[in-house]
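Residues per chain are reported as follows:
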Amino acid sequence: MNAPFPNPDTPQANPDARGMPALKVLVASPRGFCAGVDRAIEIVERAIDRYGAPVFVRHEIVHNRYVVDELKAKGAVFVEELDEVPDGVPVVFSAHGVPKAVPAKAEERGLDYLDATCPLVSKVHRQAERQLEKGRHIIFVGHAGHPEVIGTLGQVPEGTMTLVETIEDVARLDFPKEEELSFLTQTTLSVDDTAEIVSALQTRFPNIVGPKAEDICYATSNRQAAVKAIAPSCDLVLVIGAPNSSNSLRLVEVAERCGADAKLVQRGAEIDPSWLDGVGTLGLTAGASAPEKLVREVIDRLAEFRTVDEEKVRTVEEKMVFKLPRQLMD
Ligand code: 0O3
Ligand code: SF4
């Protein structure tokens with residue numbers, strides 16, 4: 001159990017009127033929405049404006065309940081499968097991407113569909129097609145069952161792509177050493193774990209080819225680097241994000257590996273004051289699908305218990321913006 005007072009190694013501000021020392025909050029930047037999430041949400045909003053409600057969305061547009069509830073209030077209806085979309089109603093595919101069979105089925109049914117797949121996920125899909133054309137079997141590094149992984153596996157015929165999640169999975173692959181393989185990765189993986197897995201692949205299969213840098217996107221790697229910049233000086237790091245958000249879960253792991261306690265929170269109200277026992281410096285970040293409003297909400301919640309002394313720590317400036325699909329441009 002944590003001590004009731006802040007860590008004696010952490011420099012403390014003077015006690016406030018409640019007799020509690022101020023809580024230093026290091027707010028990581030970049031954090032929160034990436035360009036792919038901004039674009040996906042805008043696609044749903046513009047689709048509602050253009051076609052009128054309801055607009056169906058296949059899977060959570062991004063993995064965040066707050067975002068989903070806001071869009072529901074504007075007229076979006078979320079379903080898991082295309083079969084649940086009635087005929088004649090427009091449908092948006094989520095930012096995580098879909099197997100090829102999904103747009104094919106939508107076309108067969110004559111549905112108006114908008115693809116909110118992040119362009120950086122689509123880029124991986126195209127790489128998969130290219131490797132297939134070259135006759136190379138693809139090793140895909142990703143987390144089983146995640147919608148992005150299902151979508152990417154679904155870009156090529158069954159049996160032409162093999163999923164690996166760990167170094168142990170690499171050791172179990174039974175291709176000959178000289179096999180002409182290629183590898184691709186999910187966009188939201190741990191930068192450090194993936195480097196190890198890729199290096200294990202390269203050691204086992206010297207002819208394997210892959211992207212110049214792995215396919216982990218700029219937003220994922222920037223958010224992980226920003227956590228690395230703050231976590232070593234934090235007693236606790238809070239990551240705002242959902243339990244099904246791969247990139248948010250990776251931020252918790254990064255903070256823990258820097259030696260900090262770390263927790264994933266969806267809303268400010270979840271924060272229990274006992275979490276702050278013994279905490280002098282708290283780190284705060286948000287996954288790529290978590291809105292900035294929730295960062296303010298968490299800081300306001302912390303301020304209910306301690307005087308917050310907020311400091312922003314920026315590691316890099318992001319300027320990425322993605323174009324909307326052509327159907328929504330005019
Ligand atoms: O892929 P992940 O579970 O991290 O998805 P989120 O939380 O919705 O964040 C957006 C990232 C994305 C759509 C895929 O790269
Ligand atoms: Fe695109 Fe990266 Fe954002 Fe995923 S996390 S939506 S790949 S920019």
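About the criteria used
Here the residue numbers are simple positions, counted from 1 along each chain's written sequence. Written order decides the labels, with chains lettered from A and ligands numbered from 1. In keeping with the predicted nature of the model, local features appear solely for residues at pLDDT of at least 70, side-chain atom pairs appear and are counted solely at 80 or more, and the whole-chain, interface and lining totals rest on all residues. Each side-chain value is worked out from all heavy atoms of the structure, with water and hydrogens disregarded. At least two bridges found by DSSP between two strands are what make those strands a pair. Numbering of helices and strands starts at the N terminus; helices are DSSP runs of H or I of at least 4 residues and strands are runs of E of at least 2. Lines are fitted to the C-alpha atoms to define the axes, a helix being fitted only along its stretch in contact, and any angle between axes, read from their N-to-C directions, falls within 0 to 180 degrees. Contact criterion: two residues are considered in contact whenever any of their non-hydrogen atoms come within 4.5 Å of each other. The definition of a polar contact used here is a pair of N or O atoms within 3.5 Å, where within protein one atom must be able to donate a hydrogen and the other to accept one, and adjacent residues in sequence count solely through side-chain atom pairs. It suffices for a single heavy atom of a residue to lie within 4 Å of a molecule or strand for the residue to be listed as near it. Two kinds of site are reported from a 1 Å grid over the protein atoms alone, namely cavities, where a 1.4 Å probe fits but cannot get out, and pockets, open sets with protein on both sides within 12 Å along at least five of seven lines, and residues are called lining when an atom falls within 4 Å of a point. Molecules are considered to sit inside a cavity or pocket once more than half of their atoms lie within 2 Å of its grid points. Candidate patch residues must exceed 30% relative accessible area and have no salt bridge, after which like charges are joined if within 9 Å and Val, Leu, Ile, Met, Phe, Trp or Tyr side chains if within 5 Å. Accessible surface area values rest on a Shrake-Rupley calculation with a 1.4 Å probe, where residue burial reflects the displayed protein chains alone. Here, a salt bridge means any side-chain nitrogen of Lys or Arg that lies within 4 Å of a carboxyl oxygen of Asp or Glu. A residue counts as positive if it is Lys or Arg and as negative if it is Asp or Glu; His and the chain ends are not included. Charge coordinates come from a single atom per side chain, which is NZ of Lys, CZ of Arg, CG of Asp or CD of Glu. For the exposure calls, accessible area comes from a 1.4 Å probe over protein chains only, and a residue counts as buried if that area is under 20% of its type's maximum, exposed if over 50%, partly exposed in between. The split of the chain into domains comes from an automatic or database domain assignment. By definition, the buried area sums, over both parts, the 1.4 Å-probe accessible area that each loses when the two are put together. Note on residue categories: nonpolar means Ala, Val, Leu, Ile, Met, Phe, Trp, Tyr, Cys or Pro, charged means Asp, Glu, Lys or Arg, and polar means any other residue, Gly included.

Time to look at the sheet that holds strand S6 (residues 137-141). Read from one edge to the other, the open sheet built from three strands follows the order S7-S6-S8, with strand pairing classed as parallel. Each of the sheet's edge strands pairs with one partner strand only, and the pair in question is strand S7 (161-164) and strand S8 (181-185). Strand after strand, the sheet turns through a mean of 25 degrees between neighbouring axes, direction not considered. Across four bridges, the pairing between S6 and S7 is parallel. In the sheet register, Val141 faces S7, and the bridge partner there is Val164. Where helix H4 (residues 119-133) meets the sheet, it contacts S6, S7 and S8, and its direction lies at approximately 170 degrees from that of S8. Sheet strands in contact with helix H7 (residues 191-204) are S6, S7 and S8, and its direction is about 175 degrees off that of S8.

Turning next to the side chain of Thr188. Tracing the chain through its elements places Thr188 in the loop between S8 and H7. Only 2.9 Å separates the side chain of Thr188 from the side chain of Ser246, close enough to count as a polar contact.

Turning our eyes to something else, we now look at the site of ligand 1. The environment of ligand 1 is made up of 15 residues, and the closest members are His63, Ser245, Ser246, Asn247 and Ser289. Contacts to ligand 1 include His96, whose side-chain N or O atom sits 2.8 Å from an oxygen atom. Measuring from an oxygen atom of ligand 1, one finds a side-chain N or O atom of His146 at 2.7 Å. Spatially, ligand 1 is embedded in the largest cavity.

Turning to a positive patch on the surface, a few remarks are in order. Among the surface-exposed residues, Lys123, Arg126, Arg130 and Lys134 lie close enough to one another that they form a single positively charged patch. Within the element layout of this structure, Arg130 appears in helix H4. For Arg130, a relative accessible area of 42% puts it in the partly exposed group.

Turning next to the domain arrangement of the chain. Along its sequence, the chain is organised into domain 1 (23-33 + 218-314), domain 2 (35-115) and domain 3 (119-215). Computed from C-alpha atoms alone, the centre-to-centre distance between domain 2 and domain 3 is 28 Å. The interface of domain 2 with domain 3 comprises nine residues on the first partner and eleven residues on the second. The largest share of the area that domain 2 buries against domain 3 comes from His96, Pro99 and Lys100, three residues that together contribute 56% of it. The salt bridge involving Glu129 is made with Lys100; its shortest N-O contact spans 2.5 Å. Seen at the junction of domain 2 and domain 3, the total is three residue pairs in polar contact (both at pLDDT 80 or more). Tallied by class, residues from the side of domain 2 that touches domain 3 come to three nonpolar, four polar and two charged.

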